[in-house]
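As a plain string of letters, each chain reads:
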Amino acid sequence: MRAANQGIREPLTREYVGGNATVPPPPEEVIAGQAVYNRFMLAGYDVLVLGFHCRLVWRCAKRHMLDNYQRNIGARHAEFGTGTAYFLDRCGFPTATPELTLVDLNPTVLRVSAARAARYHPTVVQADVLQPLPFDGGRLQAGHHDSVGANFLLHCLPGTWAEKGVVFDNAAVALRPGGRIFGSTILSSGVRVNAPARRLMKVYNARGIFHNTDDDLAGLRWQLDQRFTDIQLAVRGCVALFEATKPAPTENQAG
Ligand SMILES: C[S@@+](CC[C@H](N)C(=O)[O-])C[C@H]1O[C@@H](n2cnc3c(N)ncnc32)[C@H](O)[C@@H]1O
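Residues numbered from 1 in each chain as written. Predicted model: local features only at pLDDT ≥ 70, side-chain atom pairs only at ≥ 80, totals over all residues.

The protein chain goes by Methyltransferase in an unreviewed UniProt entry, where it is assigned to Plantactinospora mayteni.

As C-alpha cells, this is what we get:
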C-alpha cells in the first residue's frame, strides 16, 4: 500500500477526518450504512452476498458485474465502496501495473480490500463518498482516472437520488474526459422485485444497512444523464448495472 493509508483511523469516530481537510463527521445513518462491514461480515461476504443473495434473491449473478468491470476498468482506476475487492481481484486490468485507488469510509474494509489487491500497491483513502472527496490534497487526483467503479454502493447510501448524486459528482471530478464510470445497485422500483427480494430489502432498510426504498430506475438514469454520456443501463432482477462516459469539456468549459 502507498503512504496514503497512514490516514486510516480506526475505529470511525465522531472526530472523523476525511482526507487532508477536516470535514464534518458523517451523519449517523451514513455511519450505519457502512458499519455492518466488520471482519466477520467481510469473511462471509463473497459467498453470502455475491454468491447466494445475488443469484437467488436479487436475481443477478455476479458474473454480470464482473463483465461490467471487464468492459470498463482502466489502467488508472478508483474504486468507491471497495468491500472485499472481489471484482478487483478477479477482473483483468489493461496493464500489469495499474494505478489503483481504494475509497471507503470503513477502515476495516480498506484494510481487507487493500490486502486482497496488494499486488497492485493500492492507495487507500478513508472518506465518505457522499461528501466532496479530498481531491488534489495528495491522495486523489482530479481529472486523472480512466475509470471509477461504484458497485453495490448506492443502495447503502441514505438520501434521495439528488443526494446520492454527490457520488457521481465525485466520480466526474476523478475521471479524465473520456473516462468511464460503472457499477451496479439494487433498486426497489422500476424493476421487478420478487417476494424474497422485497422481504430482505425491508429487513435491510429497517436495520439501516440499505437505504433504497425510494431508489427507482428513472432516478438513476436521471442522475447519470446530468453528468455523463454514452449511458448503458441493464436490469437483471432488481439490480441495475450502469456504465457511462465522462464527456470532453465543451469549448466554453475548456476556456
Ligand atoms: C455492499 S458493499 C459493496 C462492496 C463491493 N463494491 C462489492 O461490490 O462487493 C458497500 C461498500 O460501500 C462502503 N460504504 C458504505 N457507505 C459508504 C460511504 N458513505 N462512503 C464510502 N464508502 C461507503 C461500505 O463500507 C462497503 O465497503
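A. Region of the structure containing the overall build of the protein chain. Along the backbone of the protein chain there are nine helices and seven strands. Nonlocal contacts in the protein chain, meaning residues at least 24 apart in sequence, comprise 71% of its contacts between residues at least 6 apart. (Helix = DSSP H or I, 4+ residues; strand = E, 2+ residues; numbered from the N terminus. Contact = placed C-beta atoms within 7 Å.)

B. Examining the site of the ligand more closely. In the region of the ligand, 21 residues are neighbours, and Gln34, Gly81, Gly83, Leu105 and Asn151 sit closest. Residue classes in the shell around the ligand are distributed as 12 nonpolar, seven polar and two charged. (Near = placed C-beta within 6 Å. Nonpolar A, V, L, I, M, F, W, Y, C, P; charged D, E, K, R; others polar.)

C. Structural detail: the nonpolar core. With 61 residues, the main nonpolar core has Phe80, Val167, Ala171 and Ile181 as its most contacted residues. Sequence-distant contacts of valine 167, defined by excluding residues within four places in its chain, comprise Phe80, Val129, Leu130, Ala150, Leu153, Leu154 and Leu157. (Core = buried A, V, L, I, M, F, W, Y, C linked by C-beta atoms within 7 Å. Buried ≥ 20, exposed ≤ 12 C-beta atoms within 10 Å, placed from the backbone.)

D. Representation of the environment of arginine 63 in the model. Tracing the chain through its elements places arginine 63 in helix α3 (residues 62-72). The class of arginine 63 is exposed, set by 12 C-beta atoms lying within 10 Å. Expressed as a C-alpha distance, the spacing of arginine 63 and leucine 50, which sit 13 residues apart in the sequence, is 9.6 Å.

E. Seen up close, the pairing of strand β6 (residues 229-236). Bridging between β6 and strand β7 (residues 239-245) involves six bridges; their strand directions are antiparallel. Opposite valine 235, over in β7, you have alanine 240 as the bridge partner. The hairpin turn running from β6 into β7, its antiparallel successor, is two residues long, and glycine 237 in that turn takes a positive phi close to 60°. (Pairing = 2+ DSSP bridges.)

F. Inspection of the packing of helix α6 (residues 161-174) against helix α8 (residues 217-225) at higher detail. Viewed as axis vectors pointing N to C, α6 and α8 meet at an angle of 45°, and their least axial separation amounts to 10 Å. Judged by the angle between their axes, α6 and α8 are oblique. Of the two elements, α6 crosses α8, and the hand of that crossing is right-handed. Facing α6, whose interface residues are Trp161, Gly165 and Phe168, α8 presents Gly219, Trp222, Gln223 and Leu224. Across the contact of α6 with α8, the residue classes tally to four nonpolar, three polar and no charged. (Axes fitted to C-alpha atoms, helices over the stretch in contact; angles between N-to-C directions. Parallel < 35°, antiparallel > 145°, perpendicular 65-115°, else oblique. Left-handed = near helix turned anticlockwise from the far one by under 90°.)

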